[in-house]
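Close look at the chain arrangement
So you can see what is in the structure, the chains are spelled out below.
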Amino acid sequence: MECAGKGSRTPCCGPPVRRCQRCQAVAYCSLAHQVSHRSAHKRECERLEQQMKCADILNDFPFTFTREATQIQGSRCSFLIRHGIHHIGMWMCECSCGGVSANSFDSRRLISSWNLPSELCPCRGPSSPIPECLTTWKDYYEWRCLPLYSPAALLLHWPLTIYRAIQLATLESLLPEISNELRIHYLGPERELIQLTVFGELRALLPGVKVHIDLVGPAIPQVSDGEKIDLCTYAQCNDMGCGCQYSADSYQERIKTCHSSAITLRLHAGCYHNRYEELLQDSFPHIVIAPNAGVAAYTSWLPTLEVIKELQVPAVFSDYCEEACHLAASCVRSVTGNAPRIRIQMNPFRHPLCVEEGALYLPCYSNCFLFGL
């Protein structure tokens with residue numbers, strides 16, 4: 001937590017322990033910094049107060065570990081250690097203790113295992129058709145026959161946020177009904193680069209649809225620029241007797257499947273506004289999706305928003321809290337001249353583990369809120 005008055009004429013004199021009495025969302029290191037920040041905070045105080053009133057709703061998950069995950073006692077590391085997944089496989093980026101970062105991404109050594117037993121992860125196709133309207137984590141877990149103590153949602157929020165973005169764009173008539181192909185431009189991937197295999201779950205979420213995702217962002221290393229990844233199968237469990245494991249008998253069939261893979265990823269290093277013309281030659285998107293975008297925090301978004309405006313395709317953004325989306329929507333309005341066509345709303349498939357050390361006292365989760373153009 002930072003002092004909301006950081007950057008004032010005088011340096012901070014200590015930790016931010018003095019909270020705004022009205023909104024309770026921001027804190028200051030001293031009365032002097034609170035006074036100097038008063039005029040700026042006045043414009044946001046009422047809005048933040050309303051957002052703080054929704055804290056209980058944001059922290060409401062169906063999982064048996066919900067209380068532990070939303071009121072982190074200790075750290076993310078301790079949570080992952082208790083579940084036996086600390087610094088393992090796709091879980092390596094789920095904490096910030098200096099283990100592994102997205103900079104370690106190597107598409108040539110794609111992580112393909114959940115490192116969980118079969119009963120705790122969706123390592124095979126669904127046993128029943130997808131429900132007509134999948135709108136909660138509880139719905140999803142019941143459909144995929146997962147127990148509510150499974151931590152799989154910590155990774156599954158990526159494909160399910162894509163699914164939710166498509167739902168919203170379709171409901172607002174911004175995206176035509178999907179037939180057999182869907183092309184997505186996915187902007188600014190970071191942590192999910194270590195977790196790409198989990199995107200294979202889109203095979204279950206969008207049955208019969210060939211999904212092509214162009215991932216574009218500066219976190220993608222130049223050595224991986226242009227690389228294509230075919231997700232022929234679901235991520236595997238760690239039960240050697242499970243049918244999801246590779247076997248000599250199924251190898252040839254898997255090779256055939258790869259040639260018509262349902263999910264194809266292609267990697268592009270750099271900012272979208274510098275790469276989009278090249279991308280459009282091969283793949284004009286049906287939808288643009290930008291997870292945890294931080295639109296208001298990075299000036300590089302301004303030319304990208306201009307590009308999205310020019311493309312005239314739906315674009316869905318997510319961020320860690322409602323306030324970040326509110327600030328982002330203001331930026332979007334200043335560039336496009338239009339308010340978001342998909343209103344700011346909570347993502348039912350947000351990450352269930354709260355973010356440590358947020359900029360506000362607001363509950364923060366990866367992919368917490370969504371809005372769209």
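Here is what the cut-offs are and how they apply
- Residues numbered from 1 in each chain as written.
- Predicted model: local features only at pLDDT ≥ 70, side-chain atom pairs only at ≥ 80, totals over all residues.
- Heavy atoms only, no water.
- Pairing = 2+ DSSP bridges.
- Helix = DSSP H or I, 4+ residues; strand = E, 2+ residues; numbered from the N terminus.
- Axes fitted to C-alpha atoms, helices over the stretch in contact; angles between N-to-C directions.
- Contact = heavy atoms within 4.5 Å.
- Core = buried A, V, L, I, M, F, W, Y, C linked by side-chain atoms within 4.5 Å.
- Buried < 20%, exposed > 50% of the residue type's maximum accessible area, 1.4 Å probe, protein only.
- Salt bridge = Lys/Arg side-chain N within 4 Å of Asp/Glu carboxyl O.

Taking an unreviewed UniProt entry as the reference, the protein is identified by name as Zinc ion binding protein belonging to Perilla frutescens var. hirtella.

**Examining the sheet that holds strand β5 (residues 228-231)**
Ordered in space as β5-β6-β4-β3-β7-β8-β10-β9, the eight strands form an open sheet in which the pairing is mixed. Lying at the two open borders of the sheet, with one neighbouring strand each, are β5 and β9 (342-346). When strand polarity is set aside, the average angle formed by the axes of neighbouring strands in this sheet is 20°. With seven bridges joining them, strand β4 (residues 210-217) and strand β6 (residues 263-269) adopt parallel strand pairing. Within β6, the residue paired with His212 across the bridge is Thr264. In the packing of helix α12 (residues 322-336) onto the sheet, the strands contacted are β8 (315-319), β9 and β10 (369-372), and the crossing angle to β10 comes to about 15°.

**So, the nonpolar core**
Among the nonpolar cores identified, the biggest contains 100 residues, and Trp114, Tyr140 and Phe317 are the most heavily contacted of them. No other element matches helix α7 (residues 153-171), which puts 12 residues into this core. Not counting residues within four places of it along the chain, the set of residues in contact with Trp114 comprises Met90, Trp91, Cys121, Pro122, Ala152, Leu155, Leu156, Val198, Ala235 and Gln236. With 15 residues, the next largest nonpolar core counts Cys3, Cys20, Cys23 and Leu48 among its residues.

**What to know about the environment of Cys123**
Positionally, Cys123 belongs in the loop between α5 (76-82) and α6 (137-143). Residue Cys123 is classed as buried on the basis of its relative accessible area of 5%. Each C-alpha atom, one on Cys123 and one on Cys244, is 6.1 Å from the other, the two residues being 121 residues apart in sequence. For Cys123, the residues in contact, after removing those within four places along its chain, are Ser118, Tyr234, Ala235, Gln236, Cys237, Cys242 and Cys244.

**Considerations on the pattern of salt bridges**
Across all of its chains, the model carries eight salt bridges by this definition. Of the charged contacts, one joins Glu49 and Arg22 as a salt bridge, the two residues approaching to 2.9 Å between their closest N and O atoms. A residue pair is termed long-range when its members are at least 10 positions apart, and Glu49 in helix α2 (residues 38-52) and Arg22 in the loop between β1 (18-19) and β2 (27-28) qualify at 27 residues. For Glu142, the salt bridge goes to Lys138, with nearest N and O atoms at 2.6 Å. Highlighted residues: Glu142 and Lys138, both in helix α6, separated by four residues, approximately one helical turn. Counted as one network, the salt bridges with shared partners bring together Asp225, Arg275 and Glu278.

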